[in-house]
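Residue-level listing of the chains:
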Amino acid sequence: MASVTYDHITKEFGNVKAVNDLNLQIADKEFLVLVGPSGCGKTTALRMLAGLEEITSGQIKIEDRVVNDVPPKDRDIAMVFQSYALYPHMTVYDNLAFGLKLRKTPKEEIKRRVQEAAEILGIGELLARKPRQLSGGQRQRVAVGRAIVREPKVFLFDEPLSNLDAKLRIAMRSEITKLHHRLQTTFIYVTHDQTEAMTMASRIAVINKGTLQQLDTPQTLYDHPDNMFVAGFIGAPAMNFFKAKLRKDGSNLIVDSGSFSLTIPPERMKAFQAYVDKSIVFGIRPEDIYNPAFVPPGIHAASVETKVDVTELMGNEIFLYLLAGSDNIVARVDPRTDFHIGDKVQVSFNLDKCHVFDPETELAIR
């Protein structure tokens, strides 16, 4: 088992910084997910750890060993790729055993490891088949099994579920999570899917344009995003953002977007005093906007007049796309809500869950 450290890691391709001064400490047995949009540098960060990309500057350590110049085969890691990368002419057994044969592992040890991995992944009856005879999910299990038989210190996953259909992706997410608990090994997992990150990770590193934006537990990222990028990237549908001004009205502090006005709860006013009469960005998640008939008791709620533009029934909830003056609002409401396109309706904002950001730095104001 092993910890992993990225110490001021930078990777440049010509004049482009794919990874910019990345500092990460990944604990032994942790499940860390690197998440961000396509092209943000997360796969490059993983490939540098695997030894598949050279490091421009900085150090990568596995435990206390600097591995910058260590060949990939000697780093004691195993990587699961997006493409599965199975040998089509080999059986499942031979695909699983191939890396061990190259290392001249004894036959009995190979057999033990392959059978153990097959049992863990539920592919024991597939060992005599060729990859073309397998479904996408079965091929993914074989790719994971090939990593398991190596018994590495660190498992690396590079968007391993992106080729699967939605239902199978959900099933494989839980399989990989259970695998982590069973193996008790360090997992580092790359994805652009924030739902995968939220459901699987013990901690998430959010990356944008090669720079680490925030590193924390899934719930903390969701409840307390450090900036507008993290707030907008984590959560689906994305957080609503509104350009607004903070102004005083007697003893009250008002958020004024031009389309609606909201009074900040008294216990939250102190954090925003420095922004009175200044521009801000007001943020609220779709699930914190309610049909007034279903507002939870005990919250500070503010009513906003809107017009229904589009409705999407999801079965257990409804997505409302609303218009309030020049502002567009997405709300995630109770399925009993009986709103229709064109209706003028009141919705309630949960001000205990609202977020305020500096429009210049895009940092959260707390």
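As a reminder, the structure under discussion sits directly above these lines.
Along each chain, the written sequence defines residue order, and numbers are assigned to residues from 1. Residue-level local features of this predicted model are given only where pLDDT is at least 70; pairs of side-chain atoms are given and counted only at 80 or more, and the full residue set underlies all totals for whole chains, interfaces and linings. Calculation of side-chain values draws on the structure's entire complement of heavy atoms; hydrogens and water are dropped beforehand.

## Regarding helix H5 (residues 166-183)
Along an α-helix, residues three or four apart share an orientation, since each turn contains 3.6 residues. In plain terms, the rule: In DSSP terms, a helix is any run of H or I states spanning at least four residues, a strand is any run of E spanning at least two, and both are numbered starting from the N terminus. Here a helix's expected span is defined as the number of its residues, less one, multiplied by 1.5 Å. Burial here depends on accessible area, computed with a 1.4 Å probe over protein chains only, as a share of the maximum for the residue type. Under 20% is buried, over 50% is exposed, and the range in between is partly exposed. Picture the helix axis, draw a direction to every C-beta atom, and the arc is the one those directions span. In this analysis, two residues are considered to be in contact whenever any of their non-hydrogen atoms come within 4.5 Å of each other.
The terminal C-alpha atoms of H5 lie 26 Å apart, and with 18 residues this matches the ideal 26 Å at 1.5 Å per residue to within 8%. Considered for burial, the residues of H5 that qualify are Met172, Arg173, Ile176, Leu179 and His180. When H5 is viewed along its axis, its buried side chains cluster within an angular range of 130° and face the same direction. Exposed residues lying more than 90 degrees from the buried face of H5 are Lys167, Ile170, Lys178, His181 and Arg182. Where H5 is buried, its residues contact strand E3 (31-35), helix H3 (107-121), helix H4 (136-148), strand E8 (186-191) and helix H6 (194-200). Positive backbone phi, at 55°, marks Gln184, one or two positions downstream of H5.

## Details of the environment of Asp277
With respect to the helices, strands and loops of the structure, Asp277 is situated in the loop between helix H9 (269-272) and strand E14 (279-284). For the pair Asp277 and Lys101, spaced 176 residues apart in the sequence, the C-alpha separation amounts to 70 Å. If sequence neighbours within four positions are ignored, Asp277 has contacts with Leu246 and Arg247.

## Observations regarding the packing of aromatic side chains
Note the following rule: In this scheme Phe, Tyr and Trp rings, the latter by its six-membered ring, pair at centre separations within 6.5 Å, and the angle between planes marks the pair as stacked below 30 degrees, edge-to-face above 60, and tilted otherwise. A positively charged side chain is recorded as over a ring if its NZ (Lys) or CZ (Arg) lies within 6 Å of the ring centre. The angle to the ring normal must also be within 35 degrees.
One pass over the full model with this rule turns up 13 aromatic pairs. One aromatic cluster is present, built from ring pairs that chain together Phe31, Phe155, Phe157, Phe187 and Tyr189. Its guanidinium or amino end placed over the ring of Phe13, Lys11 lies 4.9 Å from that ring's centre, counting from NZ or CZ.

## Let's talk about the side chain of Asn291
Its location among the elements puts Asn291 in the loop between strand E15 (289-290) and strand E16 (301-313). Assessed through its relative accessible area of 8%, Asn291 is described here as buried.

## Some thoughts on the pattern of salt bridges
Threshold: Note on definitions: salt bridges are taken to be side-chain nitrogens of Lys or Arg within 4 Å of carboxyl oxygens of Asp or Glu.
In the structure shown here, the tally under the stated rule is 16 salt bridges. The salt bridge partner of Lys153 is Glu63, with a shortest N-O separation of 2.9 Å. Taken together, the positions of Lys153 in the loop between H4 and strand E7 (154-158) and Glu63 in the loop between strand E4 (57-62) and strand E5 (65-66) put the pair 90 residues apart, joining distant regions of the chain. Note on Glu63: relative accessible area 33%, which makes it partly exposed. With its nearest N and O atoms 3.4 Å apart, the salt bridge here joins Lys73 to Asp74. What makes Lys73 exposed here is its relative accessible area of 58%. The network of salt bridges with common partners includes Glu109, Arg112, Arg113, Glu116 and Glu151.

## Here's the deal with the sheet that holds strand E1 (residues 4-13)
Selection criterion: Pairing between two strands requires that DSSP report at least two bridges joining them.
A sheet is described by the order of its strands in space; here four strands give the open sequence E2-E1-E4-E5, paired in antiparallel fashion. The sheet terminates laterally at strand E2 (16-26) and E5, the two strands that pair on one side only. As paired strands, E1 and E2 are joined by seven bridges and run antiparallel to one another. Each residue of the ladder has a partner; that of Tyr6, found in E2, is Leu24.

## Examining the nonpolar core
Definition in use: Think of a nonpolar core as a cluster: buried Ala, Val, Leu, Ile, Met, Phe, Trp, Tyr and Cys residues, connected wherever their side-chain atoms sit within 4.5 Å.
Core analysis: the largest hydrophobic core is formed by 46 residues, its most contacted members being Ile148 and Tyr189. Tallying contributions element by element places H3 first for this core, with six residues. Discounting residues that sit within four places of it in the chain, Ile148 has contacts with Ala117, Ile120, Leu121, Phe155, Leu179 and Leu183. Phe282, Leu320, Val345 and Ile365 belong to the second largest nonpolar core, which has 33 residues in total.

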